[in-house]
Amino acid sequence: MSKVGRRKFLSIATSVTSVIGGAFAVTPFILSFQPSKKAKALGASIKVDLSNLEPGSLIKVLYRGTPFYVVHRSDDMIAQLKTINSDLRDPDSELSIQPNFAKNELRSMKPKYLVVEGVCTHLGCAPIEKFSIAPADMGPDWRGGFYCPCHGSKFDLSGRVFSGVPAPSNLRIPPHRFENGSILVVGENSEDMNV
Ligand code: FES
């Protein structure tokens, strides 16, 4: 297992934003953070209940100060991903880091949920969610994704990096799995990481 695979999640941040089809909608979210003190001391994984995370919304999960983003992608968001492959540096995630199950266009175990490290693969800044389509600051071709404010790298709604930006690879996908449909378990993985 890689370094990413060994990371364990210790705390959860509360930042929640949402954009659906160009209209902002802030979604309340009830966090579920379940490890005991003993489990945390051992570096146990954590569980996050995503049942109240609305389509088009994002929540940030912290692991030792490193943000991970969980996005509930709407059907429209998923459809947009199929339109931009030719603009991406590594559309099939051949050169990027993710669990083997995420080595595909959606980079996820469940199509609607993206779980991605919120750290730019250039120099480590935190990309900003830009979920609106063709906003004035991203231009008419923008189909939704993430923008790194430090040096302008751009990523799609699967965390795949665009060509012609400083970031060399897609955003990393942490080890994770799901329980009972919408319980995200971060820090555990049923498969080896692809590194
Ligand atoms: S750190 Fe993100 S583009 Fe440089």
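Everything numeric in this text was worked out from a predicted model, so none of it was measured.

Student: I tried to follow the overall build of the protein chain on my own but got confused; where do I start?
Tutor: Per the secondary structure count, the protein chain includes three helices and 13 strands. The buried share of the protein chain, taken over its 195 residues, is 36%.

Student: Please explain the pairing of strand E7 (residues 113-117) as it appears in this structure.
Tutor: Consecutive side chains along a regular strand alternate between the two faces of the sheet. Within E7, four of the five residues are buried, which leaves it mostly tucked inside the rest of the structure. Of the pairings in the sheet, the one linking strand E5 (residues 66-72) to E7 comprises five bridges and is antiparallel in character. When the bridges of E7 are listed, His72 appears paired with Tyr113.

Student: How should I be thinking about the sheet that holds strand E9 (residues 145-147) in this particular structure?
Tutor: Hydrogen bonds between backbone atoms are what pair the strands of a sheet, whose relative direction is either parallel or antiparallel. The three strands lie next to each other as E8-E9-E10, forming an open sheet whose pairing is antiparallel. Every other strand in the sheet has two partners, leaving strand E8 (128-130) and strand E10 (154-156) as the edge strands with one partner each. On average, adjacent strands in this sheet sit at an angle of 30° to one another, irrespective of strand direction.

Student: Is there a simple way to explain the sheet that holds strand E11 (residues 176-179) in this structure?
Tutor: One open sheet holds the three strands; their spatial order is E3-E12-E11, and the pairing between them is antiparallel. What marks the edges here is a single partner per strand, and that holds for strand E3 (46-49) and E11. This sheet shows a mean twist of 30° between the axes of neighbouring strands, independent of strand direction. In this structure, E11 lies alongside strand E12 (residues 183-186), joined through four bridges in antiparallel fashion.

Student: Would you explain the nonpolar core in this entry?
Tutor: Soluble globular proteins: nonpolar side chains tend toward being buried together. Counting 29 residues, the largest nonpolar core has Val48, Phe68, Val70, Val115 and Val116 as its most contacted members. The set of elements that each furnish at least two residues to this core consists of E3, strand E4 (57-63), E5, helix H3 (75-81), E7 and E12. Sorting elements by how many residues they give to this core places E5 first, with four residues. Leave out the neighbours within four places in its chain, and Val115 touches Phe68, Val70, Ser108, Ile173, Pro174, His176 and Leu184.

Student: Would you explain unusual backbone geometry in this entry?
Tutor: Glycine aside, negative phi is the norm for most residues, and most peptide bonds take the trans geometry. For Ser93, which is not glycine, the phi torsion reads 55° and is therefore positive. Considering the arrangement of structural elements, one finds Ser93 in the loop between H3 and strand E6 (98-99).

Student: Whenever I open this one, the environment of Tyr147 confuses me. Can you help?
Tutor: On the secondary structure map, Tyr147 appears in strand E9. Since 18 C-beta atoms lie within 10 Å of it, Tyr147 is described here as partly exposed. Ignoring anything within four residues of it in the chain, the contact list for Tyr147 reads Pro127, Ile128, Lys130, Met138 and Lys154.

Student: Can you help me understand the environment of Ser96 in this one?
Tutor: By the element assignment, Ser96 lies in the loop between H3 and E6. Taking the C-beta count within 10 Å as the criterion, Ser96 has 23 such neighbours and is therefore assigned buried. With 64 residues separating them in the primary sequence, Ser96 and Arg160 have C-alpha atoms 8.8 Å apart. Other than its neighbours up to four places away in sequence, Ser96 contacts Asp90, Ser169 and Asn170.

Scoring rules and cut-offs
Residues numbered from 1 in each chain as written. Predicted model: local features only at pLDDT ≥ 70, side-chain atom pairs only at ≥ 80, totals over all residues. Helix = DSSP H or I, 4+ residues; strand = E, 2+ residues; numbered from the N terminus. Buried ≥ 20, exposed ≤ 12 C-beta atoms within 10 Å, placed from the backbone. Pairing = 2+ DSSP bridges. Axes fitted to C-alpha atoms, helices over the stretch in contact; angles between N-to-C directions. Core = buried A, V, L, I, M, F, W, Y, C linked by C-beta atoms within 7 Å. Contact = placed C-beta atoms within 7 Å.

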